[in-house]
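Chain by chain, the residues:
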Amino acid sequence: QQPVQSPQAVILREGEDAVINCSSSKALYSVHWYRQKHGEAPVFLMILLKGGEQKGHEKISASFNEKKQQSSLYLTASQLSYSGTYFCGITGTSYGKLTFGQGTILTVHP
Amino acid sequence: EPEVTQTPSHQVTQMGQEVILRCVPISNHLYFYWYRQILGQKVEFLVSFYNNEISEKSEIFDDQFSVERPDGSNFTLKIRSTKLEDSAMYFCASSDPGGANYGYTFGSGTRLTVV
């Protein structure tokens with residue numbers, strides 16, 4: 001079952017922060033976050049395993065709330081290069097297929 | 001940084017023709033996947049492959065689709081008789097043997113257009 005992302009779109013000025021949420025109705029083993037630029041492949045940002053750990057990647061971090069089956073991606077002090085579509089992907093087991101959410105379009109303006 | 005390589009980058013084919021999309025996964029990866037993305041939509045799982053066999057497939061992956069790892073390096077997706085609705089970007093991905101601790105690396109994709 002497909003995870004649900006919110007919001008569908010975000011528009012920011014450079015330097016502003018954003019949060020993208022991903023929720024699932026089924027038990028999760030892991031949550032992945034990817035960024036896709038127009039016409040390009042999705043690029044891996046980070047993976048979170050069940051256990052609620054938070055991970056970071058430059059000014060982008062994420063958390064995973066296993067009880068709520070939710071993950072949030074935090075983008076702080078956004079840069080123009082952050083623009084793209086962000087997808088969360090979930091797996092029910094290790095090595096399992098990734099089921100992607102519908103994506104959140106992030107646009108950062110100067 | 002290691003890459004997943006896909007060829008061709010673009011393929012135009014006539015409806016009913018067979019196409020083969022090729023991928024070279026990262027050399028020490030053991031898990032391989034095909035995904036597709038119809039323009040403007042989400043990335044959809046097609047099939048996963050491990051130890052020379054399909055480990056999981058989606059409803060999209062019907063009898064018209066097949067995958068093969070013919071020579072230990074290439075990983076191919078064949079569509080036997082293409083339909084207009086097969087037009088999409090097809091992504092190959094592979095993942096690390098550590099699996100759960102590393103994300104998937106996607107290739108740059110093959111844009112398939114069926115006319």
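Residues numbered from 1 in each chain as written. Chains lettered and ligands numbered in written order. Predicted model: local features only at pLDDT ≥ 70, side-chain atom pairs only at ≥ 80, totals over all residues. Heavy atoms only, no water.

Q: Can you walk me through the overall build of chain B in this structure?
A: Regarding its fold elements, chain B presents zero helices and eleven strands. For chain B, the N- to C-terminal ordering of α and β elements is β-β-β-β-β-β-β-β-β-β-β. Taking 2.2 N^0.38 as the reference for a compact globule, 115 residues should give roughly 13 Å; the C-alpha atoms of chain B span a radius of gyration of 13 Å, in line with that estimate. For chain B, the C-alpha atoms occupy an extent of roughly 40 × 25 × 25 Å along the three principal directions. Put simply, chain B has 115 residues, and 47% of those count as buried. When contacts within chain B are restricted to residue pairs at least 6 apart in sequence, long-range pairs at least 24 apart make up 54% of them. When the 9 positive and 14 negative side-chain charges of chain B are each reduced to one mean point, those points stand 5 Å apart. (Helix = DSSP H or I, 4+ residues; strand = E, 2+ residues; numbered from the N terminus. Rg over C-alpha atoms; globule rule 2.2 N^0.38 Å. Buried < 20%, exposed > 50% of the residue type's maximum accessible area, 1.4 Å probe, protein only. Contact = heavy atoms within 4.5 Å. Lys, Arg positive; Asp, Glu negative; His and termini not counted. Charge placed at Lys NZ, Arg CZ, Asp CG, Glu CD.)

Q: Is there a simple way to think about the state of the cysteines in this case?
A: Among covalent bonds in proteins, the disulfide is the one between the sulfur atoms of two cysteines. Tallied over the full model, the rule gives two disulfides over all chains. In this model, Cys 22 of chain A is linked to Cys 88 of chain A through a disulfide, with the two sulfur atoms separated by 2.1 Å. The disulfide joining Cys 22 of chain A to Cys 88 of chain A has a torsion of about 70 degrees about its S-S bond and is therefore right-handed. Of this pair, Cys 22 of chain A sits in strand S3 (residues 18-23) while Cys 88 of chain A sits in strand S9 (residues 84-91), placing them 66 residues apart in sequence. What makes Cys 22 of chain A buried here is its relative accessible area of 3%. On the accessibility criterion, Cys 88 of chain A (0% relative accessible area) is buried. Disulfide partner of Cys 23 of chain B: Cys 92 of chain B, at an S-S distance of 2.0 Å. Its S-S torsion of approximately -65 degrees makes the covalent link between Cys 23 of chain B and Cys 92 of chain B left-handed. (Disulfide = S-S within 2.5 Å.)

Q: What is the right way to look at the nonpolar core in this model?
A: Note that soluble globular proteins tend to have their nonpolar side chains buried in a common cluster. Counting residues in hydrophobic clusters, the biggest one holds 22 residues, and the most contacted among them are Trp 33, Leu 73, Leu 75, Tyr 86 and Leu 106 of chain A. When residues of this core are traced back to their parent elements, those giving at least two are strand S2 (9-13), S3, strand S4 (30-36), strand S5 (43-49), strand S7 (60-65), strand S8 (70-75), S9 and strand S11 (104-109) of chain A. The residues touching Leu 106 of chain A, leaving out its near neighbours within four places in the chain, are Val 10, Leu 12, Ala 18, Leu 75, Tyr 82, Ser 83, Gly 84 and Tyr 86 of chain A. Residues Trp 34, Phe 65, Tyr 90 and Cys 92 of chain B belong to the second largest nonpolar core, which totals 21 residues. (Core = buried A, V, L, I, M, F, W, Y, C linked by side-chain atoms within 4.5 Å.)

Q: What's the story with the sheet that holds strand S3 (residues 19-24) of chain B in this structure? I'm lost.
A: Backbone-to-backbone hydrogen bonds join strands into a sheet, with any given pair of strands oriented parallel or antiparallel. Residue and element names in this part refer to chain B. Taken in spatial order, the four strands line up as S1-S3-S8-S7 in an open sheet, and their pairing is antiparallel. A single partner strand is all that each edge strand has here, and the edge strands are strand S1 (5-7) and strand S7 (65-68). Across the sheet, the mean angle from the axis of one strand to that of its neighbour is 20 degrees, orientation sign disregarded. (Pairing = 2+ DSSP bridges. Axes fitted to C-alpha atoms, helices over the stretch in contact; angles between N-to-C directions.)

Q: I'm lost on the interface of chain B and chain A in this one. Help?
A: The parts lose accessible area when they come together, and the size of an interface is often stated as this lost area. Between chain B and chain A, the contact holds 22 residues from the first and 21 residues from the second. With both sides pooled, the region where chain B packs onto chain A buries about 1,700 Å², and carbon together with sulfur makes up 62% of that total. Counting across the interface, chain B meets chain A through zero salt bridges. Joining chain B to chain A, the criterion identifies three residue pairs in polar contact (both at pLDDT 80 or more). In terms of residues, the side of chain B that touches chain A owes the most to one element, strand S4 (residues 31-37) of chain B, which gives four residues. Its residues assigned to classes, the side of chain B that touches chain A shows twelve nonpolar, eight polar and two charged. (Buried area = accessible area lost by both parts, 1.4 Å probe. Salt bridge = Lys/Arg side-chain N within 4 Å of Asp/Glu carboxyl O. Polar contact = N/O pair within 3.5 Å; in protein donor to acceptor, adjacent residues only side chain to side chain. Nonpolar A, V, L, I, M, F, W, Y, C, P; charged D, E, K, R; others polar.)

Q: Just checking my understanding: could you explain the pattern of salt bridges for this structure?
A: Where charged atoms from two side chains of opposite charge come close, those side chains can pair. With the rule as written, the count across this model stands at one salt bridge over all chains. The shortest N-O distance in the salt bridge between Arg 36 of chain B and Glu 44 of chain B comes to 3.3 Å.

Q: Would you take a moment to explain the pairing of strand S5 (residues 43-50) of chain B for this structure?
A: Looking down a regular strand, the side chains alternate between one sheet face and the other. All names here are of chain B. Of all the eight residues making up S5, seven are buried; the element is thus mostly covered by neighbouring parts of the structure. Linking two consecutive strands that pair antiparallel, namely S4 and S5, is a turn of five residues; a positive phi of about 80 degrees is found at Gly 40 within it. Linking S5 to strand S6 (residues 53-57), which pair antiparallel, is a turn of two residues; within it Asn 51 sits at a positive phi near 55 degrees.

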